[in-house]
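Here are the chains, one letter per residue:
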Amino acid sequence: MINQTIPNMPDMANKSMLYCIGTDAQQLVHIKHLLADQYELCEFSCIEDAQADLNGKKPNLILCHLSCLNGDASSLFSIMENAVTRARVLIIGPKLSVIEQISILKQGARGYFQEELVDDKLLIALDLIQRGEVWVERHVIAGLIDELNHTPQLSNEQQAKLDSLSRKELEVAELVSHGATNKMIARTMNITERTVKAHLTAIFQKMNIPDRLSLAIFFRDLR
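Since the structure is predicted, the reported quantities are computational estimates derived from the model, not experimental observations.

## A short note on the overall build of the protein chain
At step 1: Scanning the protein chain for helices and strands turns up 11 helices and five strands.
At step 2: The burial tally for the protein chain puts 44% of its 223 residues in the buried class.
At step 3: If you take every contact in the protein chain between residues at least 6 apart in sequence, the share linking residues at least 24 apart comes to 66%.
At step 4: Accessible area of the protein chain: about 11800 Å², with a carbon and sulfur share of 49%.

## Some details on helix α1 (residues 25-35)
At step 1: Those residues of α1 that sit buried are Gln27, Leu28, Ile31 and Leu35. Buried residues along α1 cover an arc of 100 degrees about the axis, so they all sit on one side. More than 90 degrees from the buried face of α1, the exposed residues found are Ala25, Gln26, Val29 and His33.
At step 2: Along its buried surface, α1 packs onto β1 (16-21), β2 (39-44), β3 (61-65), β4 (88-93) and α5 (118-130).
At step 3: Its side-chain oxygen 3.0 Å from the backbone nitrogen of glutamine 26, aspartate 24 forms the N-cap of α1.

## Quick word on empty space enclosed by the protein
At step 1: Under the definition given, this model contains one cavity of 30 Å³ or more.
At step 2: At three residues, α1 tops the list of elements feeding residues into the lining of the largest cavity.
At step 3: A class-by-class count of the residues in the lining of the largest cavity yields six nonpolar, three polar and no charged.

## Some remarks on the nonpolar core
At step 1: Membership of the largest hydrophobic core comes to 20 residues, with the highest contact counts inside it found for Leu18, Leu90 and Leu122.
At step 2: When residues of this core are traced back to their parent elements, those giving at least two are β1, α1, β2, β3, β4 and α5.

## Quick word on the pattern of salt bridges
At step 1: The tally for this structure, following the rule as stated, stands at seven salt bridges.
At step 2: With a shortest N-O distance of 3.5 Å, glutamate 157 and lysine 161 are connected by a salt bridge. Highlighted residues: glutamate 157 and lysine 161, both in helix α7 (residues 156-163), separated by four residues, approximately one helical turn.
At step 3: By relative accessible area, which is 53% here, glutamate 157 ends up exposed.

## Digging into the state of the cysteines
A covalent bond bridging the sulfur atoms of two cysteines is what the word disulfide describes.
At step 1: Taken as a whole, this structure holds zero disulfides when the rule is applied.
At step 2: No disulfide involves cysteine 64; its nearest neighbouring cysteine sulfur is the one of cysteine 68, lying 4.8 Å away.

## So, the packing of aromatic side chains
At step 1: In this structure the tally under the stated criterion is three aromatic pairs.
At step 2: Aromatic pair tyrosine 19 and phenylalanine 44: ring centres 4.8 Å apart, planes at 55 degrees, arrangement tilted. Within this pair, whereas tyrosine 19 is found in strand β1, its partner phenylalanine 44 is found in strand β2, the two being separated by 25 residues in sequence.
At step 3: For tyrosine 19, a relative accessible area of 1% puts it in the buried group.
At step 4: You can call phenylalanine 44 buried: its relative accessible area is 10%.
At step 5: On the numbers, 5.5 Å between centres and 65 degrees between planes, the contact of phenylalanine 218 with phenylalanine 219 is edge-to-face. The same class applies to phenylalanine 218 as to phenylalanine 219, namely buried.

## Comments concerning the packing of helix α8 (residues 167-177) against helix α10 (residues 193-207)
At step 1: Interhelical geometry of α8 versus α10 gives an angle of 90 degrees and a closest axis separation of 10 Å. On the basis of the axis angle, α8 is roughly perpendicular to α10. Contact with α8, carried on its side by Lys168, Glu169, Val172, Ala173 and Val176, involves His199, Leu200, Ala202, Ile203 and Lys206 of α10 and no other residues of that element.
At step 2: Taken together, the residues of the contact of α8 with α10 break down into six nonpolar, one polar and three charged.

## Points about the pairing of β4
At step 1: β4 sits mainly inside the fold: five of its six residues count as buried.
At step 2: As judged from the five bridges shared by β3 and β4, these two strands associate in the parallel manner. When the bridges of β4 are listed, isoleucine 62 appears paired with valine 89.
At step 3: Sheet analysis places β4 next to strand β5 (residues 111-114), joined by four bridges and oriented parallel.

How each quantity is defined
- Residues numbered from 1 in each chain as written.
- Predicted model: local features only at pLDDT ≥ 70, side-chain atom pairs only at ≥ 80, totals over all residues.
- Heavy atoms only, no water.
- Helix = DSSP H or I, 4+ residues; strand = E, 2+ residues; numbered from the N terminus.
- Buried < 20%, exposed > 50% of the residue type's maximum accessible area, 1.4 Å probe, protein only.
- Contact = heavy atoms within 4.5 Å.
- Areas by Shrake-Rupley, 256 points an atom, 1.4 Å probe, with all protein chains shown as cover.
- Arc of directions from axis to C-beta.
- Polar contact = N/O pair within 3.5 Å; in protein donor to acceptor, adjacent residues only side chain to side chain.
- 1 Å grid on protein atoms, 1.4 Å probe; cavity = no way out; pocket = protein on both sides within 12 Å on 5 of 7 lines; lining within 4 Å.
- Points joined across faces, edges and corners; volume = space filled by probe spheres on them.
- Nonpolar A, V, L, I, M, F, W, Y, C, P; charged D, E, K, R; others polar.
- Core = buried A, V, L, I, M, F, W, Y, C linked by side-chain atoms within 4.5 Å.
- Salt bridge = Lys/Arg side-chain N within 4 Å of Asp/Glu carboxyl O.
- Disulfide = S-S within 2.5 Å.
- Phe/Tyr/Trp six-rings, centres within 6.5 Å; stacked < 30°, edge-to-face > 60°.
- Axes fitted to C-alpha atoms, helices over the stretch in contact; angles between N-to-C directions.
- Parallel < 35°, antiparallel > 145°, perpendicular 65-115°, else oblique.
- Pairing = 2+ DSSP bridges.

Here it is, written out as structure tokens:
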């Protein structure tokens, strides 16, 4: 996980909207206490209530407890695909196996957060996800990449997008596929972290890839 520093407190007018979905009222109160200074919070006891509340609202993030999914995250993501804006989703819950976490990621979540870490890491996790990163343990990313690893058959369109990358962009993408952080990439390539971020933005746009994890999987498959 990357740049694990607590984000600066935003101005009131610049707060991002966060939907919190969970059945444990005490946990929701605790999360609200932790995040109220950083986010505009809306609390719901089920996914259906969150859906009913959308009506023109544009949540940036959704923090949803695993218990609200009833074993299937697809209902949550199908709701957000039809929303005015596609909010990024972090699932929170008890410790899960690697396979279970991978299943949640493959359905569209940007991360899985173990609830016992709430006090120390939740602000960091949400900030990373809002900036386009993912929040999972490193061994989960490795497991996901290994599970999806296969020899790809690139379409002409995919090959054209790949060919559009510069030599530096290809080097950044390859390092990402090996699990390197922005700081590690900057040190390896002797460039600044700002330049690394600029390369990643260009790669995402040229390849039409949504996030770092998808990029890592794509380039791992090319090896």
